[in-house]
Amino acid sequence: MRAAPWILFVAASAAAGWLTIQSRDLAQVAGEQEIAARTAAESAAAARRDGERWQRELAAAQQELTGAKQRIAALEQAVQQAMLQAATSAELIAARDRTETALRVARAEEARAIEQPAPEGVRVCLQAIEECLRADGFDGVRFVRARALDAEALRGVELLDVDTERHTSTTWVADRLQLRLDRVTGRLTFAFADGTRLCDGRREPLPPEGLTLDFVPVTGKLWESRLPYLLTASGVYPSDAPIATPGPAPGRLSPNERALWLSRFDRLLEAAGTDPRLRVTGFQGLQDGRFQRARVQGFDGKRLMVLSADCAALAIECDDQAGVVSLLLQDGVLHQKGGESTIPADGHRMLLPKITPANARDTMLGMVVDR
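Calculation criteria
Throughout this description, residue numbers start from 1 for each chain and increase along the sequence as written. This being a predicted model, a pLDDT of at least 70 is required before a residue's local features are given, and a value of 80 or more before pairs of side-chain atoms are given or counted; all residues contribute to the totals for chains, interfaces and linings. For the side-chain quantities, the full set of heavy atoms in the structure was used; hydrogens and water were omitted. Helix numbers and strand numbers start at the N terminus; a helix is a DSSP run of H or I with at least 4 residues, a strand a run of E with at least 2. Categorising residues by exposure relies on relative accessible area from a 1.4 Å probe, with only protein chains included: less than 20% of the type maximum marks a residue as buried, more than 50% marks it as exposed, and the intermediate range marks it as partly exposed. Residue contacts are defined here by distance: any two heavy atoms, one from each residue, within 4.5 Å place the two residues in contact. To define a nonpolar core, start from buried Ala, Val, Leu, Ile, Met, Phe, Trp, Tyr and Cys residues and group those joined through side-chain atoms within 4.5 Å. When two rings of Phe, Tyr or Trp (its six-membered ring) have centres within 6.5 Å they constitute a pair, described as stacked for plane angles under 30 degrees, edge-to-face for angles over 60, and tilted for the intermediate range. To sit over a ring, a charge needs its Lys NZ or Arg CZ within 6 Å of the ring centre and within 35 degrees of the ring normal. pLDDT expresses, on a scale from 0 to 100, how confident the predictor is about each individual residue. Patch criteria: residues need more than 30% relative accessible area and no salt bridge. Like-charged residues are merged within 9 Å; nonpolar side chains of Val, Leu, Ile, Met, Phe, Trp and Tyr are merged within 5 Å. Per-residue accessibility takes into account occlusion by the displayed protein chains alone, with areas from the Shrake-Rupley method and a 1.4 Å probe. For salt bridges, the criterion is a side-chain nitrogen of Lys or Arg within 4 Å of an Asp or Glu carboxyl oxygen. In this description, strands pair whenever DSSP reports at least two bridges between them. Here a helix's expected span is defined as the number of its residues, less one, multiplied by 1.5 Å. Note that the arc is defined by the directions from the helix axis to the C-beta atoms.

(A) Inspection of the overall build of the protein chain at higher detail. For the protein chain, the helix and strand inventory stands at five helices and 16 strands. Counting across all 371 residues of the protein chain, residues that qualify as buried make up 31%. Within the protein chain, residue pairs in contact and separated by at least 24 positions form 50% of the contacts whose partners lie at least 6 positions apart.

Rendered as structure tokens:
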């Protein structure tokens, strides 16, 4: 039996209404789900942003912690260095106090020693040394004091050596002074040990091996006769060695006369243009136009001595025909870097290239020899 058309219409309308209601409910649910999904996505993005910020903050905090640890380590090191410096400063202060105390004690002992008169034997010894030096033409040496004399040495010595030509002085202070004589060369040596040397305002300690002061030439037999208990002599006298007499030898000059002649040598040799620069540093007398028992030294551009010569006679020699002037050394020994050589009796000549015979005669007041 076929349904009536109106029944079918009603059924279709009911079905359509139900579908409409279901579609509306589904759309509402879908919209709610979309909103929930969007909210969840936004929450997740915010959480990500918070996580990244926390990571940055954590990294910054870790970096600051590392810097703080480094600053703490630097501060600890600075504290340790300060403590070490404080300990070192305390040690230095204590050492300085000990040194100053020792210096005060030493100065007090030295003052007491100076106030006490020297023993008679020491006084006689010093007087004999100075008399022998003056007899040999060395006038600038004076003993300030000496404490004792024992075992062939003077003890606690202070000596002043004045160079009247250069206007300088040297003060020697030594615990021990020994005198040595070379009979062959006529060289007297003062050997200082354990002390100091004050020269041109500079005080220098003596080296462990000591330092020496030489006097050339000297009358060896005179020294041995006056100071047999102090002098240590070696070698054999040449056959023409001077006899032991303190009296004036032929041609002996006064200290003032020697100083005048040495100043003339200085003027002449300063203008001579030699290399090395030559200088006559001493002689004993003047006879027959020749300066007796003389010493010559040579200095380089740095004022270091590069040669020395000790000779029995020295003269300014003029060759008028050739127009040259020479420093003539006779009968001695020449010391150079290469070694030691003998100066023969007939002479060793050192040319003075910038000096003419007329200049030489004028400067030396005619005290020259002809070739």
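More follows now that the structure is in view.
(B) Examining the nonpolar core more closely. Residues I129, L154, F190 and W223 are the most contacted members of the largest nonpolar core, which totals 32 residues. Mapped by element, the contributors of at least two residues to this core are α2 (120-135), β1 (141-145), β3 (153-163), β4 (168-182), β5 (187-199), β7 (211-215) and α3 (220-226). Here this core gets eight residues from one element, more than from any other, and that element is α2. Excluding its chain neighbours within four sequence positions, the residues that come into contact with W223 are I129, C132, L133, D136, L179, L188, V218 and L231. Residues F291, L329, I343 and L352 belong to the second largest nonpolar core, which totals 31 residues.

(C) The packing of aromatic side chains, seen in detail. Applying the stated criterion across every chain, the model contains eight aromatic pairs. Taken together, a centroid distance of 6.4 Å and an interplanar angle of 70 degrees make the contact between F190 and F192 edge-to-face. Residue F190 shares its accessibility class with F192, and that shared class is buried. The interplanar angle of 75 degrees and the centroid separation of 5.0 Å between the aromatic rings of F283 and F291 together place this pair among those described as edge-to-face. Here a set of aromatic residues connected by ring pairs shows up, and it is made of F138, F143, W172, F190, F192 and F215. Taking the ring centre of Y237 as reference, the NZ or CZ of K221 above it sits at 5.3 Å.

(D) Here's a closer look at the confidence of the model for the protein chain. Per-residue pLDDT for the protein chain has a mean of 81; in total, 85% of the residues score no lower than 70. Strand β15 (residues 348-351) holds the highest mean pLDDT among the elements of the protein chain, 93, whereas helix α1 (residues 5-115) holds the lowest, 73.

(E) Region of interest: a nonpolar patch on the surface. On the surface, a nonpolar cluster with roughly 220 Å² of combined accessible area is contributed by V124, L149 and Y229. Tracing the sequence through the fold places V124 in helix α2.

(F) The arrangement of the pairing of strand β11 (residues 290-299) in detail. Judged by how many residues are buried, β11 sits mostly within the fold: seven of ten residues are covered. Direction of pairing for strand β9 (residues 277-282) relative to β11: antiparallel, over a ladder of five bridges. Its bridge partner lying in β11, R279 is registered against Q297. Pairing of strand β10 (residues 285-287) with β11 involves three bridges; the strand directions are antiparallel. Looking at the pairing, Q287 lines up with R290 of β11. Linking β10 to β11, which pair antiparallel, is a turn of two residues; within it D288 sits at a positive phi near 55 degrees. Two strands pair when backbone bridges link them, and β11 and strand β12 (residues 305-319) are joined in this way by eight bridges, in the antiparallel orientation.

(G) Representation of helix α4 (residues 255-270) within the structure. In a regular helix each residue adds 1.5 Å, so 16 residues correspond to 22 Å; α4 covers 22 Å between its end C-alpha atoms and thus fits that length. Listed as buried for α4 are R258, W261, L262, F265, L268 and L269. The arc that holds every buried residue of α4, seen down its axis, measures 120 degrees, which confines them to one face. Opposite its buried face, α4 presents the exposed residues N256, L260 and E270, each directed more than 90 degrees away. Of the surrounding secondary structure, the elements contacted by the buried residues of α4 are β9, β10, β11, β12, β13 (324-336) and α5 (357-363).

(H) View of α2. Compared with the 22 Å implied by 1.5 Å per residue over 16 residues, the 23 Å span of α2 between its first and last C-alpha is a close match. Taken together, the buried positions of α2 are occupied by V122, C125, L126, A128, I129, E130, C132, L133 and A135. Positive backbone phi, at 90 degrees, marks G137, one or two positions downstream of α2.

(I) Structural detail: the environment of G195. Mapped onto the secondary structure, G195 falls in strand β5. Judged by relative accessible area, G195 falls into the partly exposed class, the value being 23%. Residues G195 and G156 lie 39 residues apart in sequence; the distance between their C-alpha atoms is 9.1 Å. If we ignore the near neighbours within four places in the chain, the residues touching G195 are V173, A174, P205 and L206.

(J) Focus on the side chain of T171. Note that T171 resides in strand β4. Those residues in contact with T171 that sit more than four places away from it in its chain are E158, L159, L160, T196, R197 and L198.

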